[in-house]
Amino acid sequence: MLSMSDTPISKFIPLFAETNTSVAFLVPTPTGYEKSIMDATKPLRELLKFANVHDYDKQGQGPDNKVVIETHFVTKDDVIDTTASLYRPNTKDGDPRIWFSNLKKYCKPCNLLAILVFNKSLYVINLSDPEIQQSLFNHEHVFSFLQLSLSEYVGVADELLAKLKEIHRRGFIPSITTGDPGVGDTLENALGISRNNSKAPDYKGIELKATRITKNGAKKAVTRSTLFTKVPDGGLTYSQILDKYGKVQIPRGETVPRKQIYETLSTKKYNAYGLKLQVDYDADKLLLIDDAQPKPNVVSTWDFDILRKTLLTKHPETFWVKAASEMREIEYFRYDWVIHTRNPNALLLAPLIDNGEITADLAAHIKPDGKYRDHGLLFKILPQNISDLLSDEQTYDLSK
């Protein structure tokens, strides 16, 4: 459905991230528009369920079980009152449907609609409307509806912040491990936290993510931050992917060849192994596909419902710590900055992957002794893109 949109979602992501707005997107197809029917996509169903507005899973089929919800069409300077009908038809499996009364007066087929929930009512914003776009980007009337979702500060951030400032005052600290993991491992060790790969946050409900901001004087971010890892829900397992698509190569710094896949996956292009990601909005799934001709094969799949829940579990509140790096005999780190985020906007996960802001690293190989090993699929984001997904952002200079 969203693939038919006449307006890209990506241009609006910073606005929804800035205000931490929970949002779902709908695009009325030409056929659905004429028949006054739209599929209630999984992101929309989740939005309604989490807001305690409606649970399609508990709704019976047929017209007797139809639910009508107070709804408002947002215009450039006003709102138009209407209603939304939520129902499951008797046909097929009763696939969830939604329709807005008088929608044809508000939008055209293939327009991109943002659905928001406030006080148990739905608000529909036609993002394809140039006047609405202007109101949004100029922080005028339409933007005010996004601001309603801002939340109040809670957490144990002050305690952690004080400890990080003390660590900063220690200056450059020798890394306890080599390579990219060292920047995080060294910080957690300084805080008295043992290294973990669990889904639970690191420090009293706050997740810690440390990356370099400099390396040998280079003033730029040199590593992406890992959001979470997740195995496929369907299709090939990691070992099967390695068996089918892996290549025999000599790892950097070693002399013995091995079969491996160490590569980044994105939606933008096929990687060296002929693999890429693809977002299926209609099925609410993330696909791993290959470059087979004439039609790519679906290699593995992830349910976005599970990915969103994983993100919410891992990052309810996060400190993204930035470290300067110096190479002496070994690498040393000085922790200088913190970006504090809360309340991830999980419904933006799919658009951000589709837009290429979130990528994934697949790391798997067969050891010389024949044993298989993988590091999972690591979903990663560059520091400059963090605010698009994890909002309520506050930045701290640890030297102050």
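Note that this is a predicted model, so its numbers are computed, not measured. (Residues numbered from 1 in each chain as written. Predicted model: local features only at pLDDT ≥ 70, side-chain atom pairs only at ≥ 80, totals over all residues. Heavy atoms only, no water.)

*Asks:* Tell me about the sheet that holds strand S12 (residues 225–229), and please be specific about residues and values.
*Replies:* If you trace the 5 strands from one edge of the open sheet to the other, you get S12-S22-S21-S15-S14, paired in antiparallel fashion. Sheet topology places S12 and strand S14 (247–249) at the edges, where each strand pairs with a single neighbour. The mean angle between the axes of side-by-side strands here comes to 35 degrees, regardless of whether they run parallel or antiparallel. Across 4 bridges, S12 lies against strand S22 (residues 372–381) in antiparallel orientation. Residue pairing for S22: Thr229 is matched across the bridge by Leu378. Sheet contacts for helix H9 (residues 304–314): S12 and S22; angle to S12, the most-contacted strand, approximately 120 degrees. (Pairing = 2+ DSSP bridges. Helix = DSSP H or I, 4+ residues; strand = E, 2+ residues; numbered from the N terminus. Axes fitted to C-alpha atoms, helices over the stretch in contact; angles between N-to-C directions. Contact = heavy atoms within 4.5 Å.)

*Asks:* Mind laying out the pattern of salt bridges, listing which residues take part and the relevant values?
*Replies:* This structure, assessed with the given rule, holds 15 salt bridges. Among the ionic pairs, Asp180 bridges to Arg212, the shortest N-O distance being 2.7 Å. Of this pair, Asp180 sits in the loop between strand S8 (173–174) and helix H7 (181–190) while Arg212 sits in strand S9 (residues 207–212), and the two are 32 residues apart along the sequence. The structure contains a network of salt bridges with shared partners spanning Glu46, Asp284 and Arg308. (Salt bridge = Lys/Arg side-chain N within 4 Å of Asp/Glu carboxyl O.)

*Asks:* A description of empty space enclosed by the protein should follow, citing residues and the corresponding values.
*Replies:* Counted under the stated rule, the structure contains 1 cavity of 30 Å³ or more. What the largest cavity holds in volume is close to 150 Å³. Lining the largest cavity are 17 residues, with Leu2, Phe25, Pro43, Tyr281 and Asp284 sitting closest to its centre. When contributions to the lining of the largest cavity are tallied by element, the ones reaching two or more residues are strand S1 (24–26), strand S16 (275–280), H9 and helix H10 (349–354). Its residues assigned to classes, the lining of the largest cavity shows 12 nonpolar, 1 polar and 4 charged. (1 Å grid on protein atoms, 1.4 Å probe; cavity = no way out; pocket = protein on both sides within 12 Å on 5 of 7 lines; lining within 4 Å. Points joined across faces, edges and corners; volume = space filled by probe spheres on them. Nonpolar A, V, L, I, M, F, W, Y, C, P; charged D, E, K, R; others polar.)

*Asks:* Can you lay out the side chain of Asn345 for me, pointing to particular residues and giving the numbers?
*Replies:* Here Asn345 shows up in the loop between strand S20 (331–342) and H10. For Asn345, a relative accessible area of 2% translates into the label buried. Every residue in contact with Asn345, bar those within four places of it in the chain, is listed here: Phe16, Asn20, Thr21, Ser22, Val23 and Leu389. (Buried < 20%, exposed > 50% of the residue type's maximum accessible area, 1.4 Å probe, protein only.)

*Asks:* Can you explain the sheet that holds strand S4 (residues 79–87)? Please cite residues and give values.
*Replies:* On the basis of which strands lie adjacent, the open sheet formed by 7 strands has the order S1-S6-S7-S3-S4-S5-S2 and mixed pairing. Of all the strands in the sheet, just S1 and strand S2 (38–39) have a single pairing partner and so form its edges. As paired strands, S4 and strand S5 (residues 97–100) are joined by 4 bridges and run antiparallel to one another. Paired with Ser85 across the bridge in S5 is Trp99.

*Asks:* Please give an account of helix H3 (residues 42–50) that cites residues and values.
*Replies:* At 3.6 residues per turn, the α-helix brings residues three or four places apart onto the same side. Looking at H3, one finds that the buried residues are Pro43, Leu44, Glu46, Leu47 and Leu48. Each element contacted by the buried residues of H3 is listed here: S1, S4, S5, strand S6 (113–118), strand S7 (121–126) and H9. Note on H3: the residue one or two positions beyond its end, Asn52, has a positive phi of about 60 degrees.

*Asks:* An account of H7 is needed here, citing residue identities and associated values.
*Replies:* Within H7, 7 of the 10 residues are buried, which leaves the element mostly enclosed by the surrounding structure. Its buried side turned inward, H7 meets helix H6 (157–169), S8, S9, strand S19 (317–327) and S20. Positive phi shows up at Gly192, right after H7, with a value of about 80 degrees.

*Asks:* How would you sum up the nonpolar core? Please name residues and give values.
*Replies:* Counting residues in hydrophobic clusters, the biggest one holds 89 residues, and the most contacted among them are Phe25, Ile98 and Phe100. Of the residues forming this core, the biggest block, 6 residues, is contributed by S6. The residues contacting Ile98, other than those within four sequence positions of it, are Leu26, Ile37, Met38, Asp39, Ala40, Leu44, Tyr56, Ala84, Ser85, Leu86 and Leu122. Counting residues in hydrophobic clusters, the runner-up holds 21 residues, among them Ile167, Val183, Ile206 and Val338. (Core = buried A, V, L, I, M, F, W, Y, C linked by side-chain atoms within 4.5 Å.)

*Asks:* I'd like a description of the environment of Lys322, backed by residues and values.
*Replies:* Topologically, Lys322 is positioned in strand S19. Sequence spacing of Lys322 and Ala210 is 112 residues, and the spatial spacing of their C-alpha atoms is 5.8 Å. Apart from the residues within four sequence positions on either side, Lys322 is in contact with Thr211, Ile213, Arg334, Tyr335, Asp336, Trp337, Ile339, Pro383 and Ile386.

*Asks:* Go over the environment of Pro368, please, and point to the residues and values.
*Replies:* Topologically, Pro368 is positioned in the loop between strand S21 (358–366) and S22. Given the relative accessible area of 70%, Pro368 is considered exposed. Along the primary structure Pro368 and Lys285 are separated by 83 residues, whereas in three dimensions their C-alpha atoms are 35 Å apart.

*Asks:* Describe in detail the pairing of S9, supporting the description with residues and values.
*Replies:* Within S9, 6 of the 6 residues are buried, leaving the element largely enclosed by the surrounding structure. Alternating positions in S9 separate into two faces, Glu207, Lys209 and Thr211 on one and Leu208, Ala210 and Arg212 on the other, with burial throughout.

*Asks:* Summarise the layout of surface pockets; cite the residues concerned and give the values.
*Replies:* The computed volume of the second largest pocket comes to approximately 450 Å³. As for the second largest pocket, its lining consists of 20 residues, of which Asn20, Thr21, Ser22, Leu47 and Phe50 are closest to the centre. When residues of the lining of the second largest pocket are traced back to their parent elements, those giving at least two are H3, S6 and H9.

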